[in-house]
Amino acid sequence: MILDVVCRTTGMGFAAVARVTEDRWVACKLLDQINFGLKPGGELKVETTICSEIRRNAEPVVIDHVDLDQRYSQHHTPRLYGFQSYISMPIIRADGSMFGTLCAIDPEPRELNAPATLAMFKAFADLIATHLDAQDYSDARDKELIDQRHDAELREQFIAVLGHDLRNPLAAIDGGIRLLSKRPLDDKAAGIIKLMQDSAARMSGLIDSVLDFARGRLGGGIALERVSSTSLVPLLDLVVAELRTAWPDRVIETDFTIVEPVSCDGERVAQLFSNLLANAITHGAGDTSIRTKAWTQGGFFELSVANSGEPIPAATMEHLFQPFYRNSLRPTQQGLGLGLYIASMIAQAHSGRLDVTSTAVETRFTFRMPID
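Structural notes, computed from the coordinates. Numbering of residues starts from 1 in each chain and follows the order in which that chain's sequence is written. Reporting in this predicted model follows two pLDDT cut-offs: at least 70 for local features of residues, and 80 or more for side-chain atom pairs to be given and counted; totals over whole chains, interfaces and linings ignore these cut-offs and use all residues. Each side-chain value is derived from all of the structure's non-hydrogen atoms; neither hydrogens nor water enter the calculation.

**Section: the overall build of the protein chain**
Move 1: Secondary structure elements are defined from DSSP: runs of H or I of at least 4 residues count as helices, runs of E of at least 2 residues count as strands, and each element is numbered from the N terminus. Per the secondary structure count, the protein chain includes 9 helices and 13 strands.
Move 2: Radius of gyration (C-alpha) of the protein chain: 36 Å, far over the 21 Å computed for a compact globule of 372 residues.
Move 3: For the protein chain, the spread of C-alpha atoms along the three principal axes comes to 110 × 50 × 40 Å.
Move 4: When burial is assessed residue by residue, the protein chain has 39% of its 372 residues classed as buried.
Move 5: Residue contacts are defined here by distance: any two heavy atoms, one from each residue, within 4.5 Å place the two residues in contact. Taking as baseline every contact in the protein chain between residues at least 6 positions apart, the subset at least 24 positions apart corresponds to 63%.
Move 6: Of the roughly 20,700 Å² of accessible surface on the protein chain, a fraction of 54% belongs to carbon and sulfur atoms.
Move 7: Taken together, the 37 basic and 48 acidic charged side chains of the protein chain have centroids lying 4 Å from each other. In this description the radius of gyration comes from C-alpha coordinates, and the expected globular size is given by 2.2 Å times residues to the power 0.38. Any residue under 20% of the maximum accessible area for its type is buried, any over 50% is exposed, and the rest in between are partly exposed; the area is computed with a 1.4 Å probe on protein chains only. Only the protein chains shown count as cover for residues, and the accessible areas themselves come from Shrake-Rupley with a 1.4 Å probe. Charged residues are defined here as Lys and Arg on the positive side and Asp and Glu on the negative side; His and the ends of the chain fall outside this count. A charged residue contributes its charge at one atom only: NZ of Lys, CZ of Arg, CG of Asp or CD of Glu.

Right, dumping it as structure tokens:
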């Protein structure tokens, strides 16, 4: 379209965008109405063109009438290619390098050396340069994103393999600890064995989280073993009992009313509940109770965990369910930052959703899924 405007405005019969280097002149795009004979991709010997001079000086060349031009009347290029009028504007990129030229020729004299014509060619040359810079930037960004995606996949595969391969040595350690715990031990040794058991249990939990993360990212989601059951309440009560034992000073209120069978993976729902409850204990105000509720109504099962304390910042809310993300309010917390991510993956696997609301009054996570 630019070349068409150039030809219509100036009356020139041939216009082109050319890539000009030190040793090459290549036609990128052209409009040929005078049978010049060049095609896109075609080349001219750069030393036979005026563009080599333009490349040296980075200045436009304008010739209204070759025969009357003091500088170019005896120049070899007009004689070689048979033109009387010529205009060429350098295409200068943002880094100051010259890509090539926007040029036009015609066998007849034309009035080209006018401010409006020069301004038009300069504007078109700048537009082409801007487009080339934008394309290069887009290509560089695409390559960077592909590299980042490849690196992320390698990291996730490494995490999956690592998590899987750690299970066997951890099982051996746990078995050894169990054997030692059955032997007569003094108080100090018994205390050390208890610490080792707790550490092994913590490592097992971390490995389970890593493997769940890997399944979610690499395996198309978390696999479920769904059954229709009304026995969710004992599982939820067990989760509460475990966390009360771990945090005996925290008050956890429960209100479980599940009166319809729920088609779900009970262990996974318990895992989701445990992650949400541990998150509330970690981030909630320590001097107030944590409120948990589970119920069935209108064909849906809902489970919520609420705590008081500082509201979650808006910037944090945007990343809350991303893997390895830690709440900035507690930067020193332990763990991998996978709890809420895995909870959200479990919710998705059940065709449900996990939502959060956070105000100065309370922060509440709610899991909702169809019971069938």
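What follows picks up the thread again.
**Observations regarding empty space enclosed by the protein**
Move 1: In this analysis the probe radius is 1.4 Å and the grid spacing 1 Å, with only protein atoms considered; a cavity is a set of points the probe fits into but cannot get out of, a pocket is an open set with protein on both sides within 12 Å along at least five of seven lines, and lining residues have an atom within 4 Å of a point. Grid points are joined across faces, edges and corners, and a volume is the space filled by probe spheres set on the points. Scanning all chains against the criterion turns up 1 cavity of 30 Å³ or more.
Move 2: The calculated volume of the largest cavity comes to roughly 140 Å³.
Move 3: Contributing to the lining of the largest cavity are 13 residues, with Trp-25, Leu-44, Thr-49, Tyr-86 and Ile-105 lying nearest its centre.
Move 4: Those elements that place two or more of their residues in the lining of the largest cavity are α3 (76-81) and β6 (98-106).
Move 5: A class-by-class count of the residues in the lining of the largest cavity yields 11 nonpolar, 2 polar and no charged. Residues are grouped as follows: Ala, Val, Leu, Ile, Met, Phe, Trp, Tyr, Cys and Pro are nonpolar; Asp, Glu, Lys and Arg are charged; all remaining types, including Gly, are polar.

**A word on the nonpolar core**
Move 1: Counting residues in hydrophobic clusters, the biggest one holds 41 residues, and the most contacted among them are Phe-273, Leu-277, Phe-301 and Phe-367.
Move 2: Examining the composition of this core, we find that 8 residues originate from one element, helix α7 (residues 266-283), more than from any other.
Move 3: The residues contacting Phe-367, other than those within four sequence positions of it, are Val-269, Leu-272, Phe-301, Glu-302, Leu-303, Ala-347, His-350, Arg-353 and Leu-354.
Move 4: The set of buried Ala, Val, Leu, Ile, Met, Phe, Trp, Tyr and Cys residues whose side-chain atoms join them within 4.5 Å is what this entry labels a nonpolar core. Of all hydrophobic cores here, the second largest spans 22 residues; its members include Ala-16, Leu-38, Leu-44 and Val-46.

**A closer look at unusual backbone geometry**
Move 1: One non-glycine residue, Ala-58, lies in positive phi territory at about 55°.
Move 2: Along the polypeptide, Ala-58 turns up in the loop between α2 (51-57) and β4 (61-63).
Move 3: The residue Ser-351 is not glycine, and still its phi comes out positive at about 60°.
Move 4: Along the chain, the position of Ser-351 falls in the loop between α9 (339-349) and β12 (353-358).
Move 5: For Ser-351, a relative accessible area of 57% corresponds to the exposed category.

**A closer look at the pairing of strand β10 (residues 290-297)**
Move 1: The pairing of strand β8 (residues 252-257) with β10 spans 6 bridges and is classified as parallel. Bridged to Thr-254 within β10 is Thr-292.
Move 2: DSSP calls a pair of strands paired once it identifies at least 2 bridges connecting them. Examined bridge by bridge, β10 and strand β11 (residues 300-307) share 7 bridges and lie antiparallel to one another. By the bridge assignment, Arg-291 is partnered in β11 with Ala-306.

**Comments concerning the pattern of salt bridges**
Oppositely charged side chains are able to pair whenever their charged atoms sit close together.
Move 1: In what follows, salt bridge is the name for a side-chain nitrogen of Lys or Arg lying within 4 Å of a carboxyl oxygen of Asp or Glu. Following the criterion strictly, the structure yields 14 salt bridges and no others.
Move 2: Across the pair Asp-133 and Arg-93 runs a salt bridge, and its minimum N-O distance is 2.9 Å. A residue pair is termed long-range when its members are at least 10 positions apart, and Asp-133 in helix α4 (residues 115-181) and Arg-93 in the loop between β5 (85-92) and β6 qualify at 40 residues.
Move 3: Among the residues examined, Asp-133 registers a relative accessible area of 24% and is labelled partly exposed.
Move 4: Owing to a relative accessible area of 16%, Arg-93 belongs among the buried residues under this scheme.

**Side note on the packing of helix α6 (residues 232-246) against α7**
Move 1: Axes here mean lines fitted to C-alpha atoms, for a helix over just the part in contact, with angles spanning 0 to 180 degrees between N-to-C directions. For the pair α6 and α7, interaxial distance at closest approach is 9 Å and the crossing angle is 35°. Viewed along their axes, α6 and α7 form a crossing whose handedness is right-handed. The residues of α7 that touch α6, namely those facing Leu-232, Leu-235, Leu-236, Val-239, Val-240 and Leu-243, are Gly-266, Glu-267, Val-269, Ala-270, Phe-273, Ser-274, Leu-277, Ala-278 and Ile-281. Should the near helix be turned counterclockwise from the far one by less than a right angle, the crossing is left-handed, whereas a clockwise turn marks it as right-handed.

**Some words on the layout of surface pockets**
Move 1: Of the voids in this model, the second largest pocket is the one considered here, and its volume is about 270 Å³.
Move 2: Lining the second largest pocket are Met-1, Ile-2, Leu-3, Val-17, Cys-28, Lys-29, Phe-99, Leu-127, Ile-128, His-131 and Leu-132.
Move 3: Counting residues per element, the ones that place at least two in the lining of the second largest pocket are α1 (2-10), β2 (25-32) and α4.
Move 4: Among the elements that line the lining of the second largest pocket, the one with the most residues is α4, at 4 residues.
Move 5: For the lining of the second largest pocket, the class distribution of residues is 9 nonpolar, 1 polar and 1 charged.

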